[in-house]
Amino acid sequence: MNIMSFNIRGCGCVIKRRSLRKMIDKGQADMVFLQETKTQVVDFNFIRSLWGHDDCEWTSKDSNGASGGLSIIWKKGLINPLFSFRTEGSVGIGAEFQGQICFFVNVYSSCHIAGKRLLWSELVELKQKLPMGWWCVGGDFNAIRNANERQGNNMITRSSVSYEFNDFIDLIGLVDVPTIVKKFTWSNKDGSVKSRLDRFLLSSELIDDWKIGGQKVGDWDISDHAPIWLTVIDKDWGPKPFRVINGWFEIKEFKAFAESSWKNIQVEGNQAYVVKEKFKLFRNILRRWNKEKFGRIDLNIQEATKKINGWDVDCQGRVEAKNALWKNLHLKESLLRQKSRQKWLKEGDSNTKYFHQAIKERRRRNNIVAVHLEDGSLIEDVVGIRKEVLQEFKARFKEAIAIRPTLENEGFMKLSLEDRDFLEAEFSREEIKAAVWDSDGEKCPGPDGFNLGFIQNCWNFMQEDIVKLVMEFHKTASLPKSITACHGVPAHLSDRESV
């Protein structure tokens, strides 16, 4: 569903209504939140003049004289309306959409703090009364969350209002997804002062189900507010990259399986090629094993719970089921913690809801929904984004100086023979192991998906290959591109371009 929110600043002008219709058609809007319609009587003819045709439904809140006025307009048949509601600064509708109860709320907040507080308290109370359902609250909140959401000569902000606004967002339990393309939604006439006053606040379930990637800020034209759009990221980026899971080592048979699999892989060639190919083949083996064994955690939890509560299970079976349940719960907790990357939490401090929120926030923050180029153009398709990212990294790693200067002055201080021999000596096995162990094992893995924690756990059977690789590098002072390549955004789904 494409939803647009726009503070139109009055729509009695024919030019504004025509521009709005073009905006709706161009963005293929399914639903529109309009603020400050400044219309006391809203009828079908008025709504049709905004939407452009008869195939629509609406709910509205009349203006108070020449100020305010809210309307929600949507395609006819898009949702099954159940009821509508109004508060001091909002109008909303409860509806069924694709089998799910959803609440769509259009907001226009007062400029005065008392009015803001009243609106916030009414929305929180409303959500508490209607807890079952997904929420989409959008409009002009007339507030910023921090100083970064304001720019210009009016930089003095009332921090207490921002604190209260953030407290409201936390209390209502909705998510402010990031903006795309532009940062600010309001500007004064000469553009010297800008703020982000308009936004959508969404339920996390709605974000996941609709695959919302962010809020796209449009252009200023007929209003000092820019329209904002919910952006869907239903894009096929190809296969997901391989990543090792720390919880594998909590399964007793895994280490023996990993050792036998590694030793059974036979590759010939120089050691750098051998290590690269072994990790490549090893990765495919682990991927299959994870799908067959570790990937059944949720199913194992359900089966164990069913056995525990089964009337025909004997005492021994019930004990085994409880052990299996706790084993899989611990594995799932370990997996969530690794995905969330919350290292400061200790065992027992975990909170599954918190982990899920941290994971979702990371995914939203890392999503590439669009690329904004220097010439002002916007690229949103997968192929175009891949191409631009690849070109960007090629430009960053391109050699700028073709000829390097040489130093011919013999007056520099020189190392002693003992220091030179010490620096040029071969790496010892202990030094190599120390380098592996001194690194944080939970840091982000390399392009092959293996982090150093995995290598630490598998050191007893991987060390010979790794030591040989380091010794070969010491002698040849070179590594093949296949070892040092970083995988950028692939140009095609089936392959990856090395930068």
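Asks: I would appreciate a short explanation of the nonpolar core in the present structure.
Replies: Nonpolar side chains tend to gather and get buried jointly when the protein is soluble and globular. Counting 29 residues, the largest nonpolar core has Ile3, Met31, Ile79, Phe104, Cys136, Leu202 and Trp210 as the members making the most contacts within it. Tallying contributions element by element places strand S6 (residues 90-97) first for this core, with four residues. With residues near it in sequence (within four places) discarded, Phe104 still touches Met1, Ile3, Met31, Phe33, Ile72, Ile79, Val91, Gly92, Ile93, Cys136 and Trp210. Grouped together as the second largest cluster of nonpolar side chains are 27 residues, Val244, Trp248, Phe279 and Phe461 included.

Asks: Just checking my understanding: could you explain the pattern of salt bridges for this structure?
Replies: When the charged atoms of two side chains lie near each other, side chains of opposite charge can form a pair. In this structure the tally under the stated criterion is 18 salt bridges. Between Asp54 and Arg48 there is a salt bridge whose closest N-O contact spans 3.3 Å. Accessibility expressed as a relative area gives 33% for Arg48, which makes it partly exposed. The partner of Asp421 in a salt bridge is Arg420, with the nearest N and O atoms 3.4 Å apart. Residue Asp421 is classed as partly exposed on the basis of its relative accessible area, which comes to 42%.

Asks: What should I look at first to understand unusual backbone geometry in this one?
Replies: If a residue is not glycine, its phi is most likely negative; likewise, a peptide bond is most likely trans. Phi at Lys38 takes a positive value of approximately 55°, unusual for a residue other than glycine. Within the fold, Lys38 resides in the loop between strand S2 (31-35) and helix H2 (44-51). Non-glycine residue Gln98 carries a positive phi angle of around 50°. Among the secondary structure elements, Gln98 is positioned in the loop between S6 and strand S7 (100-108).

Asks: I'm lost on the pairing of strand S14 (residues 212-217) in this one. Help?
Replies: Counting buried residues in S14 gives five out of six residues, a clear majority hidden from the surface. Summarising the sheet, strand S10 (residues 179-180) and S14 pair through two bridges and their orientation is parallel. What sits directly across from Thr179, in S14, is Gln215. When S14 meets strand S15 (residues 228-232), the two strands line up antiparallel, connected through five bridges. Residue pairing in the sheet places Gln215 in a bridge with Leu230 of S15.

Rules of the game
- Residues numbered from 1 in each chain as written.
- Predicted model: local features only at pLDDT ≥ 70, side-chain atom pairs only at ≥ 80, totals over all residues.
- Heavy atoms only, no water.
- Core = buried A, V, L, I, M, F, W, Y, C linked by side-chain atoms within 4.5 Å.
- Buried < 20%, exposed > 50% of the residue type's maximum accessible area, 1.4 Å probe, protein only.
- Helix = DSSP H or I, 4+ residues; strand = E, 2+ residues; numbered from the N terminus.
- Contact = heavy atoms within 4.5 Å.
- Salt bridge = Lys/Arg side-chain N within 4 Å of Asp/Glu carboxyl O.
- Pairing = 2+ DSSP bridges.

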